[in-house]
Amino acid sequence: MFRTLSLITLGFFMTTAATAADPRVKFETSFGDIVLELNPAKAPITVKNFLDYVKDGHYDGLSFHRVIKGFMIQGGGYDEKYEQRKTRPGIQNEAKNGLKNVRGAISMARTSAPHSASSQFFILHQDSDFLDYPGQDGWGYAVFGKVVSGLDVVDKIAESKTGRLPPFGQDVPVTPILIKKATIEAATAK
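Residues numbered from 1 in each chain as written. Predicted model: local features only at pLDDT ≥ 70, side-chain atom pairs only at ≥ 80, totals over all residues. Heavy atoms only, no water.

Participant: Help me understand the nonpolar core in this model?
Facilitator: Within soluble globular proteins, side chains that are nonpolar tend to cluster in buried spots. Residues Phe27, Ile34, Leu36, Phe50, Tyr59, Phe121 and Ile123 are the most contacted members of the largest nonpolar core, which totals 31 residues. With five residues, the top contributor of residues to this core is helix α2 (residues 44-55). When neighbours within four sequence positions are excluded, Tyr59 is seen to be in contact with Phe27, Phe50, Tyr53, Val54, Gly76, Arg85, Ser119, Phe121, Ile179 and Ala182. Grouped together as the second largest cluster of nonpolar side chains are eight residues, Met72, Phe122, Leu124 and Val143 included. (Core = buried A, V, L, I, M, F, W, Y, C linked by side-chain atoms within 4.5 Å. Buried < 20%, exposed > 50% of the residue type's maximum accessible area, 1.4 Å probe, protein only. Helix = DSSP H or I, 4+ residues; strand = E, 2+ residues; numbered from the N terminus. Contact = heavy atoms within 4.5 Å.)

Participant: Would you mind going over empty space enclosed by the protein with me for this structure?
Facilitator: Picture a little ball the size of a water molecule; that probe, rolled over the atoms, points out where space is still empty. This model, assessed by the stated rule, comprises one cavity of 30 Å³ or more. Here the largest cavity is characterised by a volume of approximately 50 Å³. Broken down by class, the residue content of the lining of the largest cavity amounts to six nonpolar, three polar and two charged. (1 Å grid on protein atoms, 1.4 Å probe; cavity = no way out; pocket = protein on both sides within 12 Å on 5 of 7 lines; lining within 4 Å. Points joined across faces, edges and corners; volume = space filled by probe spheres on them. Nonpolar A, V, L, I, M, F, W, Y, C, P; charged D, E, K, R; others polar.)

Participant: In this structure, what is going on with the pattern of salt bridges? I would like to understand it.
Facilitator: For side chains bearing opposite charge, pairing can occur when the charged atoms are close. Per the counting criterion, the structure on display carries seven salt bridges. A salt bridge links Arg88 to Asp56, with the shortest nitrogen-to-oxygen separation between them at 2.8 Å. One end of the pair, Arg88, is in the loop between β4 (72-79) and β5 (105-108); the other, Asp56, is in the loop between α2 and β3 (62-68), with 32 residues separating them in the sequence. A relative accessible area of 31% places Arg88 in the partly exposed class. The class for Asp56 is exposed, based on a relative accessible area of 54%. The residue Arg103 makes a salt bridge to Asp155 at a minimum N-O spacing of 2.9 Å. One end of the pair, Arg103, is in the loop between β4 and β5; the other, Asp155, is in helix α3 (residues 151-158), with 52 residues separating them in the sequence. (Salt bridge = Lys/Arg side-chain N within 4 Å of Asp/Glu carboxyl O.)

Participant: How should I be thinking about α2 in this particular structure?
Facilitator: Turn by turn, an α-helix covers 3.6 residues, leaving residues three or four places apart pointing in a common direction. Here α2 spans 16 Å end to end across twelve residues, near enough to the 16 Å set by a 1.5 Å rise per residue. Just downstream of α2 lies Gly57, where phi reads positive at about 80 degrees. (Expected span 1.5 Å × (residues − 1).)

Participant: Looking at this structure, I do not really get α3. What am I missing?
Facilitator: For α3, the set of buried residues is Val153, Val154, Asp155, Ile157 and Ala158. Next to the buried residues of α3 lie β1 (21-29), β2 (32-38), β3, β4, β6 (121-124) and β7 (143-149).

Participant: Looking at this structure, I do not really get the packing of aromatic side chains. What am I missing?
Facilitator: The relation between two aromatic rings is expressed through the spacing of the ring centres and the mutual angle of the planes. Summed over all chains, the structure comprises 13 aromatic pairs. On the basis of an interplanar angle of 90 degrees and a centroid distance of 6.0 Å, the ring pair of Phe50 and Phe121 is categorised as edge-to-face. Here Phe50, found in helix α2, pairs with Phe121, found in strand β6; they are 71 residues apart in sequence, far enough to count as distant. Of the two residues examined, Phe50 and Phe121, each falls in the buried class. Both rings, one in Tyr78 and one in Phe168, keep their centres 4.7 Å apart while their planes meet at 85 degrees; by these two values the pair is edge-to-face. Residue Tyr78 is found in strand β4, and its partner Phe168 is found in the loop between β8 (162-163) and β9 (172-173); the two are separated by 90 residues along the sequence. For Tyr78, a relative accessible area of 13% corresponds to the buried category. You can call Phe168 partly exposed: its relative accessible area is 26%. When the ring centre of Tyr53 is taken as reference, the NZ or CZ atom of Arg88 above it lies at 3.9 Å. (Phe/Tyr/Trp six-rings, centres within 6.5 Å; stacked < 30°, edge-to-face > 60°. Lys NZ or Arg CZ within 6 Å of the ring centre and 35° of its normal.)

Here you go:
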């Protein structure tokens, strides 16, 4: 009896673990689709924050307003006229989670204040280990997921023509690159 119950219990836990999945978000952009797989086990605060913005429709119609080839593409804060969208307060910096700022990683953008990340994010075009915890400021930038489809779209965005445009000064796409829609996709089993 005990042995049978143990096998049943073990089977339940194996099934539960096998069906656990990380959430995915799809960005439909003016350059094509990017699918992100988020890591709530390593960055629970950041993933919840990001998913809340997706659910609210915050990212729909926003632009990639800062693009640096060989580094990253940044979005999540400004529309195509570069007007800033209202955000919630900043969140706790989770950069000390073991995830690395490598090509295809999505991380939270922030000011020089370590706990100032709100809605803006960046996707890395190339490995950027200087952003990893502890970084140059003792904090680093929190990675919370990775591109699982559409890295070619990230490349196209990163290689787009940029210039000096207000209000940012430089590294602004000359032609706006939009996130038409952000949606949460059905999770896939690990």
